[in-house]
Amino acid sequence: MTAIVEVAVALPIAGLYHYRVPARLAAQGGVGARVLVPFGTRQVSGVIVRAPAEAPAPERVLDIVDVVGDDAVPPEVVALCLWIADYYLAAPGEALRAAAPAGSQVSAGEVVAATDAGRAAARGDGGALPPRQRDLLMAIAARPVLRSKLPRGKVADLEALVAHGLAIVGRERTAAKTRPRTARQAALVGELEPLRTAHARAPRRLAILDALAAGPRTTTELADAIPGAAGAIRELVKAGAVAIATVELAPHVAAVASMQSAVVPPTLTAEQDAAMLAITAALDAKTFTAFLVHGITGSGKTEIYLHAIAQVLTRGQTAIVLVPEISLTPQLASRFRARFGDRVAVLHSGLSDRERQDEWLRLRRGQARIALGARSAIFAPVSDLGIVVVDEEHDGSFKQDEGVRYHGRDVALVRAQRAGAVCLLGSATPSLESFAAAKAGRYQLLTLRNRATARPLPEVLLIDLKRYMPDGEAMLSAPLAAALAETFAAGDQAIIFLNRRGFATFVLCEACGHAFRCPHCAVSLTYHQHADRLLCHYCGFGQRVPEVCPACSCRGKIARKGLGTEKVAAALAEKFPEARVARLDRDVATGNKIEAVLGRVARREVDLLVGTQMVTKGHDFPGVTLVGVLCADTGLSLPDFRAAERTFQLLTQVAGRAGRGDRPGRVIIQTYKPEEPAVALAAHHDYLGFYEAEAVNRAERRYPPSGRVVAIRVDGPDPAAVATTAERLAQLATVAAAREVDLEVLGPAPSPLARLRGRSRWQLWLRGTDRAALRRVVKSVAAAEIASGVRVSVDVDPVSAL
C-alpha cells in the first residue's frame, strides 16, 4: 500500500501538504525525514510530520522527490515544532527550519539553458531569429537562468526557442550549504603477508601496506605520514591490493575558548544543597516539574545546574542548557566543558554552518549528551531528555523577533513537559510572569539569598546627576572618577556600563540644525570612529560624514553629539592612561572576538571593561570590584510596559558583577531619577519590593502577568497602504472582540519605531485574560485579505512594544 504523509514545507506558508512516499524511499520516509518535494514549479525542502487522519486518493497526490540526508529530525522535536506553529500562529515549515541542521536546506527549480544547437546559433549571432528571441538565446547561452527569474513577457519567446530545439527547460537542485564531512579511505584487499611479498621491491607501497595493517586510514592521513603516498596508493589500487571508498567522517567537536581548567566540583552551600534535594526528588519521580531558581547574583545557580546535569547523565539521560545570547556562551561553555568534556555540544550563531551541523550531528547520534546554546538550542536533537535549564530566564533575547516569534523559555517548558523532564528557570531578577507562576504554585520556587562565597552583595551608591555634573566625554561624575582611580591603584578591575554603542549617537549641523538620519529607518545615524562612518543600527545603512552640510551647504559645522561605548572607552583610556581598557558591545561581537575579550578579562589582562548590556549577563570575574553605570535612565522613558522591569533587571544584573571574588565590591549608579522605583529598589537589591509594586501597576492595566496580550504588526513600503490596512484590521478585531468577554483592542497606531528598513510600521494590540478568546479574534483578523506589498505578522506574548 502506498503511504501518504503530511509534509511541512520550508516556506512561510500556513498548513501541511500531502505527498506520496514512493516505494524506493519507503525505508527512509518516516516522521522527521527531511525531504525534497514538488511545490508549484519548484522543488523545496520539507519535513515529514505525520500520517494524515484522512488521506486523499493516492492518484491525486505528488511523489516525494528524495530524502535529504540520513539524519532525521527526532519525532519529539517535530511534534514540538507543530505546537509552536499552532500556539504562535506561524507556518509549521518555518518552525521546523530551526530544528534542521544548519545549512541543510535544498531546493530545485526549472532552469532554462541553450542546447548545443542553441549555443551554435548564439555564436553565429542568432541573426535569423526575431530580436526578442535572439536576445534571450544570447543570455541563456552565456549562462543558464532560473525560469522563475524570466520576465513574464519572455515566456512566449522561450516556448518558441524550445520548439526550434534551441533551448531546453530542465530541473536543477541547489546543494545544501553544509553536508557531512567525507574523505577517501584506503583499506587492504586480502591478507597482509602475500601483499607485502608481491610489493617487496617498492618501499613506499610497503609502508602504505604496513600502515593499513592496523585498519583503514584516509588517504590524507597516509599522505601526511608517508612522502609520495599518493602515487604509491594509485599503484596499489591498480594492483588490486588496496580499495578506496568514500566514507563519512566523525563530526568535529566545536572549539571552546579555555577560560577554566577542569576542577573538582565544590561543596554545595546549605541553600544549594536544599535546592538540589528538591531537584533530585523531581528527577527520581520522572515526571515534569518546573523550578524557578531565584538566587541573588553570585549565589551559585550555575553550580546547581552542573550538579543536576551530572545526575541526569548518570541516569543515561540528556540535557539542554539555554543561555540568553552569544556573549554568555563562551564562558559558560568553558565551564561546562571543564566539567563534562566533549559530552557538551555548543550551538549558537557565532559558529559557522559547518560547525553547527557537526554539533547537531554529535547530539543526534548520541556522541554528545548536553546541548548548550542560545534560543534555538531548544530544538537540539537529543533523546531521553532528563533536564532543560534556562539561565537568565528573564532575558528578552529568548524571544524571537522575526519569522516564528517563539519564546525560548516558554518552549523549553513545553519540551520538558512533553518529555517528562525537569525544567530549571534561573535568574536573580525573574520575569514577572515566572515569579507570578511560582507564587501561584505552577513552578516550585527555590530561593538562594546568599552568595556562594559568603561575600555580601556589593554596596550601591546612587549619584544624582542633577547635583553632580558629569564630564562631557566619559560622562563621569566626580565620585565615579575617584572610585575608578582607587580601583586601579589597588590592582583591581572595573566595569563601566552604558547601553549605547558607537562613538556619537547623533550628528548634526550646528549652522542649520540638520540631523543625519537613516533614509530607511526612523532613527538617527550613529557615528562610529573606528570605521569613520555614520551607521544605522537597524538596517546597516552607512555613509561617510560629509564636510559640507547637505541642507545649508555650510562647511566645517558638522558636529558629533552624544556618546556611546566607543567614545567612553576612548575617553577613559585617555583619562586613565595606566589602565588597560577593552570594549564589549555588538561592534566587537563577531567571530571569536567575544571569547578573546572575555578571556583577557578573566586572565586579568584588562583593567577596565566598557560595554553595553552584554557586560551585564552572568559573567563571573573575581577581579572586578567596581561597577559604574553611566546613566541608569536611558530605558525608562521607552513607550513599553516592560520599561521599568528591564531597567531594574539591567541595573541589578550589572551590579552583580562586582565583588564576586575575595575582595568586597561596590557599585556606583549615575541617574537623573534616583527616586524612580526601578532605580531605587535595584540599589537596595530588593527584587520582592520591585515585583510587588510593578505587579500592581500591571494588574491595573491588565498587562502580563495579570493579563495576556497579542500584537498585530503591519508593515510595508507604502505608508498609506499600511495605515489603511491597520485601520481595517482594527475594525475587524473590534467587531470580533465585541463577541468576546473582557477583550480590548488597542490602536491602531504607528509603531514607536515608525519606519524600519524602508517599511512603514503600524500596530494594534489585543489585551484580555482569556487565551482562547484572544486566539479567536486573532484568527478572524488573520483571515482578512491583505493588499499587495503589505505584510501582517502576529506576535503572541510580545516582549517589546517597539
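Thresholds applied
Residues numbered from 1 in each chain as written. Predicted model: local features only at pLDDT ≥ 70, side-chain atom pairs only at ≥ 80, totals over all residues. Heavy atoms only, no water. Axes fitted to C-alpha atoms, helices over the stretch in contact; angles between N-to-C directions. Helix = DSSP H or I, 4+ residues; strand = E, 2+ residues; numbered from the N terminus. Parallel < 35°, antiparallel > 145°, perpendicular 65-115°, else oblique. Contact = heavy atoms within 4.5 Å. Nonpolar A, V, L, I, M, F, W, Y, C, P; charged D, E, K, R; others polar. Buried < 20%, exposed > 50% of the residue type's maximum accessible area, 1.4 Å probe, protein only. Polar contact = N/O pair within 3.5 Å; in protein donor to acceptor, adjacent residues only side chain to side chain. Salt bridge = Lys/Arg side-chain N within 4 Å of Asp/Glu carboxyl O. Arc of directions from axis to C-beta. Left-handed = near helix turned anticlockwise from the far one by under 90°. Pairing = 2+ DSSP bridges. Disulfide = S-S within 2.5 Å.

(A) Layout of the packing of helix H4 (residues 131-142) against helix H5 (residues 155-163). Two elements in contact, H4 and H5, have axes whose closest approach is 9 Å; the angle formed by their N-to-C orientations is 75°. As the angle between them shows, H4 and H5 are arranged roughly perpendicular. The residues of H5 that touch H4, namely those facing Arg132, Gln133, Leu136 and Leu137, are Asp157, Leu158, Ala160 and Leu161. Classifying every residue of the contact of H4 with H5 gives 5 nonpolar, 1 polar and 2 charged.

(B) Expanded view of the environment of Gln670. With respect to the element layout, Gln670 can be found in strand S29 (residues 666-671). Taking the relative accessible area as the measure of exposure, Gln670 reaches 0% and is therefore buried. Separated by 200 residues in sequence, Gln670 and Pro470 have C-alpha atoms that sit 9.1 Å apart. In contact with Gln670, not counting residues within four places along its chain, are Ile463, Leu465, Met475, Leu476, Ser477, Leu480, Val629, Leu630, Cys631 and Ala632. A distance of 2.9 Å separates a polar side-chain atom of Gln670 from the backbone oxygen of Met475. Engagement of the side chain of Gln670 in a polar contact is seen with the backbone oxygen of Leu630, the distance being 2.9 Å.

(C) Structural view of the pattern of salt bridges. On inspection of all chains with the given rule, the structure shows 44 salt bridges. Residue Glu6 is joined to Arg50 by a salt bridge in which the shortest nitrogen-to-oxygen separation is 2.6 Å. Placement of the pair is Glu6 in strand S1 (residues 3-9) and Arg50 in strand S4 (residues 42-50), with a sequence separation of 44 residues. Classification of Glu6 by relative accessible area gives buried; the value is 11%. Since its relative accessible area comes to 40%, Arg50 is described here as partly exposed. In this structure, the salt-bridge partner of Asp607 is Arg580, at a minimum N-O distance of 3.1 Å. Placement of the pair is Asp607 in the loop between helix H18 (593-602) and strand S27 (608-611) and Arg580 in the loop between helix H17 (565-575) and strand S26 (581-584), with a sequence separation of 27 residues. Residue class for Asp607 comes out buried when judged on its relative accessible area of 14%. We classify Arg580 as partly exposed; its relative accessible area is 40%. Put simply, Arg501, Arg583, Asp585 and Asp587 are held in one network by salt bridges that share partners.

(D) Main features of unusual backbone geometry. Between Pro704 and the following residue, Pro705, the backbone shows a cis peptide bond with an omega angle of 10°. Here Pro705 lies in the loop between helix H21 (687-701) and strand S30 (708-716). Following Gly747, the chain continues into Pro748 via a peptide bond in cis, with omega recorded as 15°. Of note in the backbone geometry, Arg702 takes a positive phi value of approximately 60° without being a glycine.

(E) Layout of H5. Asp157, Leu158, Ala160 and Leu161 are the residues of H5 that are buried. Buried residues in H5, looked at end-on, bunch into an arc of 160°, giving them a common side. Residues of H5 that are exposed and angled more than 90 degrees away from the buried face: Ala156 and Ala163. Phi turns positive, to about 75°, at Gly165, one or two residues after H5.

(F) Focus on the packing of helix H22 (residues 719-737) against helix H23 (residues 771-782). Where H22 meets H23, the axes come as close as 9 Å, and the angle between the chain directions of the two elements is 145°. For the pair H22 and H23, the sense of crossing is right-handed. For the pair H22 and H23, the contacting residues are Leu729, Leu732, Ala733, Ala736 and Ala737 in the first and Val777, Ser780 and Val781 in the second. Its residues placed into classes, the contact of H22 with H23 shows 7 nonpolar, 1 polar and no charged.

(G) The arrangement of the side chain of Thr647 in detail. Considering the arrangement of structural elements, one finds Thr647 in helix H19 (residues 643-655). For Thr647, a relative accessible area of 5% puts it in the buried group. For Thr647, the contacting residues outside a window of four places in its chain are Ala632, Gly635, Leu636 and Ala678.

(H) Representation of the sheet that holds strand S24 (residues 542-543). Overall, antiparallel pairing links the 3 strands, which are arranged S22-S23-S24 in an open sheet. Each of the sheet's edge strands pairs with one partner strand only, and the pair in question is strand S22 (526-528) and S24.

(I) Region of the structure containing the state of the cysteines. Applying the stated criterion to the full structure yields 0 disulfides. Unpaired in terms of disulfides, Cys81 finds its nearest cysteine sulfur in Cys423, a separation of 17 Å. Counting only cysteine sulfurs, Cys552 is the nearest neighbor of Cys512, a cysteine outside any disulfide, at a range of 3.7 Å.

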